[in-house]
Amino acid sequence: MKAFYFVLLLGVTFFSAIGLSARDFNDNDVKRVLYLKKKNPQMPLRFLILENILPSGVLDCRIFGATRTVKLRPDEVIALDFYEDSSNFMITQYALQGIVARNRSNLPLKLARLNNDNTGRVNTLAQYVNDLKSFGSACQKLLRNHPSGSQEQDDALNDLLQKNKLLDNIKRAAAAGDWALAIAMYDVYADNCLNMLVKHFFMCKSAVAAAKAQYDSCEKELVLNFARKFHQPNVRRNNFLKLYPGARGIWSQTPPGNYKDLRNLFEQSMRSYIRADQISKLFEPQEWGTAILDALLLVEGAPCAAELEKEFDTELLNMSKRSAQK
């Protein structure tokens, strides 16, 4: 039924191409992850690792997760922002950014699914999509089995909403400290479930009002709980400020007061995470530390961010030692 293409489109929404267009490759690209633009039955997964650049400019590539190699022209592939040893956390960070950005081909998420993801994020998203599909199927059944706008349909939809655990899953991700994941899931819910209910069950006034109330309550809870987390004493920020009293970032601002601002903070935090990879820890320590603290706003305390936290703590110790030697 056309009414529930939203569930199918979810798969498209989840695929955002974050990569580089065809370009010249150099030695810095060796071990970079590439993606084959056109389907090839010999390479169904389409991910590759750049092994060597031949004098002719042809790329000698190894198929991801295999030993077989192929030779390709630069215009046949997309160069991603990852290397063979890029962490699962990094890949899923890009994937979540793609979800919220509504990009149409999420290559980082596809890669994370292949890469034995150890962050738990891919499994959580997969289960969430299954739950969305189940909810959509139940709504389809209501449309088929009850007259549109009837009291029976309204009652049945109210009952379905009472059993719906989609918003609980979002809150659970936030409670575990992964606000990036929670915000991505919430955005999907807002774009798909709520809009679908308003569009196709608008005559079920009681049920739609209940759905909107659930949505508003979840949104307010997310904003309030994030503000509480933001205001908690933070050792990393305090120690960083002792070294760099003039440092400022989104981590030093006031927390968002509504969901629109929380979503904007998500985008800023993700940009900082990506930017940190281009900043020298040694020559621009204040800028690098600020970018990492911005990124940690959404994930500090979550198991998936343990490596990032360790990296920051190690570098902060190094910064302190260098400062003491001056």
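Above this note sits the structure.
Residues numbered from 1 in each chain as written. Predicted model: local features only at pLDDT ≥ 70, side-chain atom pairs only at ≥ 80, totals over all residues. Heavy atoms only, no water.

(A) Inspection of empty space enclosed by the protein at higher detail. Evaluated as defined, the whole model comprises one cavity of 30 Å³ or more. What the largest cavity holds in volume is close to 30 Å³. In this structure, the largest cavity is lined by Val33, Phe64, Phe82, Tyr83, Glu84, Ser86, Ile91, Leu111 and Asn115. Residue composition of the lining of the largest cavity, by class: six nonpolar, two polar and one charged. (1 Å grid on protein atoms, 1.4 Å probe; cavity = no way out; pocket = protein on both sides within 12 Å on 5 of 7 lines; lining within 4 Å. Points joined across faces, edges and corners; volume = space filled by probe spheres on them. Nonpolar A, V, L, I, M, F, W, Y, C, P; charged D, E, K, R; others polar.)

(B) Highlighting the pattern of salt bridges. Summed over the entire model, instances satisfying the criterion amount to 19 salt bridges. For Asp168, the salt bridge is made with Lys165, and the minimal N-O distance between the two is 4.0 Å. A salt bridge links Arg236 to Glu300, with the shortest nitrogen-to-oxygen separation between them at 2.7 Å. Here the residue Arg236 occupies a position in helix α9 (residues 235-243), and Glu300 occupies one in the loop between α11 (285-296) and α12 (306-325), the gap between them amounting to 64 residues. Accessibility assignment for this pair places Arg236 and Glu300 in one class, buried. (Salt bridge = Lys/Arg side-chain N within 4 Å of Asp/Glu carboxyl O. Helix = DSSP H or I, 4+ residues; strand = E, 2+ residues; numbered from the N terminus. Buried < 20%, exposed > 50% of the residue type's maximum accessible area, 1.4 Å probe, protein only.)

(C) Focus on the packing of aromatic side chains. Tallied over the full model, the rule gives 12 aromatic pairs. Ring geometry for Phe82 versus Tyr94: centroids 4.9 Å apart, planes at 80 degrees, classification edge-to-face. On the criterion of sequence distance, the pair formed by Phe82 in strand β6 (residues 77-83) and Tyr94 in helix α2 (residues 88-101) is long-range, its members being 12 residues apart. For Tyr94, a relative accessible area of 5% gives the class buried. Taken together, the ring pairs connect Phe240, Tyr244, Trp251, Trp288 and Phe312 into an aromatic cluster. Residue placement shows Arg237 over the ring face of Phe230; its charged tip is 5.2 Å from the ring centre. (Phe/Tyr/Trp six-rings, centres within 6.5 Å; stacked < 30°, edge-to-face > 60°. Lys NZ or Arg CZ within 6 Å of the ring centre and 35° of its normal.)

Read these as spatial facts, not as claims about activity.
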